[in-house]
Amino acid sequence: MHNIETANASTLKQISVIKKRAHPLLICDVDEVLLHFIPHLERYMNARGIYFREAVYRLTENMFHTETGKNLPDHECLKIIYEFFESEVSKQEAVPHAAAQLKRLSKHCDIVILTNLTGDQNKSAREDLLKSIGIDYPLVTNQGPKGGAVAALCAERDGHPIIFVDDSPTNIVSVGKSVPHVQLVHFVADPRFFATAEDLPNVALKSNCWLETGDFIEDLLITALR
Ligand SMILES: [Mg+2]
């Protein structure tokens, strides 16, 4: 029995219009994978007198007021993240080599961008920004763990390799449980968060470098063709 997560209706609708075919697929996250996220969020927080106490993968329970030393309750952390995206989604900087490596891999597989983001405007802004740096593939927005969305994206691709790249331990674990045949790449661009990221089960590659990740995925795809 697999522990299948279910994607929400909006995500499934977006997936339903993506071309399906018997071909390999690379599913790639955005924040901290294609675009820098942590350093932008930290700058945004610092300007508001807030900092991360630890460089660990926990956005809530980890934001503290510089002046009082008190931690922010969960709902205030989520509000900061929400406001951060409203303000910064069109300004995030590219992770080095990501665009070129996706282009290289697109010769061997279809590519879908799967990003946790709310709001149609944020989605358009993110699509525009990615296109401007040469990343022009179908983009699906999701909320919560990504296992359900990845399961839906795998439809009609039986027997072909599927690779999922994400920084979030929650998403890596969710996809690993929901769709066990998917190859998992745990990618964290930020060097401090990469250094503290725990090793997750069944991860094929843990990396913070797109040159290494591009080589690794191309090898997987070419080996699968043999
Ligand atoms: Mg991410």
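Please read all numbers here as calculations on a predicted model, not as lab measurements.

J.: When you look at the nonpolar core in this model, what are you seeing that I'm missing?
T.: Soluble, globular proteins show a tendency: their nonpolar side chains are buried together. Counting 27 residues, the largest nonpolar core has Leu26, Leu34, Leu102, Ile113, Val165 and Trp210 as its most contacted members. Taken together, the elements giving at least two residues each to this core come down to strand E1 (25-28), helix H4 (98-105), strand E4 (110-116), helix H5 (120-132), strand E6 (162-166), strand E7 (183-187) and helix H9 (210-225). Beyond its immediate sequence surroundings of up to four residues, isoleucine 113 is in contact with Cys28, Val30, Leu34, Leu102, Leu130, Ile135, Tyr137, Pro138, Leu139 and Val140. Of all hydrophobic cores here, the second largest spans 21 residues; its members include Ala149, Ala152, Phe164 and Leu184.

J.: Just checking my understanding: could you explain the packing of H4 against H9 for this structure?
T.: Packing of H4 against H9 leaves a shortest axis separation of 9 Å and a crossing angle of 10°. Overall, the two elements H4 and H9 adopt an arrangement that is roughly parallel. For the pair H4 and H9, contact is made by Ala98, Gln101, Leu102, Arg104 and Leu105 and by Trp210, Leu211, Gly214, Asp215, Ile217, Glu218 and Leu221, respectively.

J.: Is there a simple way to explain the pattern of salt bridges in this structure?
T.: Two side chains that carry opposite charge are able to pair once their charged atoms sit near each other. The final tally for this structure, using the stated rule, is 13 salt bridges. With a shortest N-O distance of 2.9 Å, lysine 146 and aspartate 29 are connected by a salt bridge. Of this pair, lysine 146 sits in the loop between strand E5 (139-142) and helix H6 (147-153) while aspartate 29 sits in the loop between E1 and helix H2 (38-46), and the two are 117 residues apart along the sequence. Classification of lysine 146 by relative accessible area gives buried; the value is 1%. In this structure aspartate 29 comes out as buried when scored by relative accessible area, which is 4%. Here arginine 157 makes a salt bridge to aspartate 110, at a shortest N to O gap of 2.9 Å. Of this pair, arginine 157 sits in the loop between H6 and E6 while aspartate 110 sits in strand E4, and the two are 47 residues apart along the sequence.

J.: Explain unusual backbone geometry here, please?
T.: With glycine set apart, most residues show a phi of negative sign, and most peptide bonds adopt trans. Here the phi dihedral of glutamate 61 falls at roughly 60°; this positive angle occurs in a residue that is not glycine. For glutamate 61, the location among the structural elements is in the loop between strand E2 (50-52) and strand E3 (63-65). You will see that glutamate 156, though not glycine, has its phi angle at about 65°, which is positive. Of note, glutamate 156 is situated in the loop between H6 and E6. Classification of glutamate 156 by relative accessible area gives exposed; the value is 55%.

J.: Sorry, what's going on with the coordination of the magnesium ion here?
T.: Looking at the magnesium ion, one finds its protein donor set to be Asp29 (OD), Asp31 (O) and Asp167 (OD), positioned 2.1 to 2.3 Å from the metal centre. One chain supplies every donor to the magnesium ion, and in sequence these donors are spaced D-x1-D-x135-D. In terms of burial, aspartate 29 and aspartate 31 fall into one category: buried.

J.: Got a minute to help me understand the domain arrangement of the chain in this structure?
T.: For an interface, size is often stated in terms of accessible area lost upon the parts coming together. Here the chain is partitioned into domain 1 (9-36 + 94-225) and domain 2 (38-88). For domain 1 versus domain 2, the distance between C-alpha centres works out to 25 Å. Taken together, the contact pairs 15 residues of domain 1 with 12 residues of domain 2. Summing both partners gives a buried area of about 1,200 Å² for domain 1 against domain 2, and 60% of it is carried by carbon and sulfur. If you look at where domain 1 meets domain 2, you find one salt bridge. The partner of glutamate 42 in a salt bridge is arginine 192, with the nearest N and O atoms 2.8 Å apart. At the surface where domain 1 touches domain 2, the tally comes to five residue pairs in polar contact (both at pLDDT 80 or more). At the level of secondary structure, the elements contributing two or more residues to the side of domain 1 that touches domain 2 comprise H5 and helix H8 (191-196). For the side of domain 1 that touches domain 2, the element with the highest residue contribution is H8, accounting for three residues.

Reading the values: rules and limits
- Residues numbered from 1 in each chain as written.
- Predicted model: local features only at pLDDT ≥ 70, side-chain atom pairs only at ≥ 80, totals over all residues.
- Heavy atoms only, no water.
- Core = buried A, V, L, I, M, F, W, Y, C linked by side-chain atoms within 4.5 Å.
- Buried < 20%, exposed > 50% of the residue type's maximum accessible area, 1.4 Å probe, protein only.
- Helix = DSSP H or I, 4+ residues; strand = E, 2+ residues; numbered from the N terminus.
- Contact = heavy atoms within 4.5 Å.
- Axes fitted to C-alpha atoms, helices over the stretch in contact; angles between N-to-C directions.
- Parallel < 35°, antiparallel > 145°, perpendicular 65-115°, else oblique.
- Salt bridge = Lys/Arg side-chain N within 4 Å of Asp/Glu carboxyl O.
- Donors = N, O, S within 2.8 Å, 3.2 Å for Na, K, Ca; no water.
- Domains from an automatic or database assignment.
- Buried area = accessible area lost by both parts, 1.4 Å probe.
- Polar contact = N/O pair within 3.5 Å; in protein donor to acceptor, adjacent residues only side chain to side chain.

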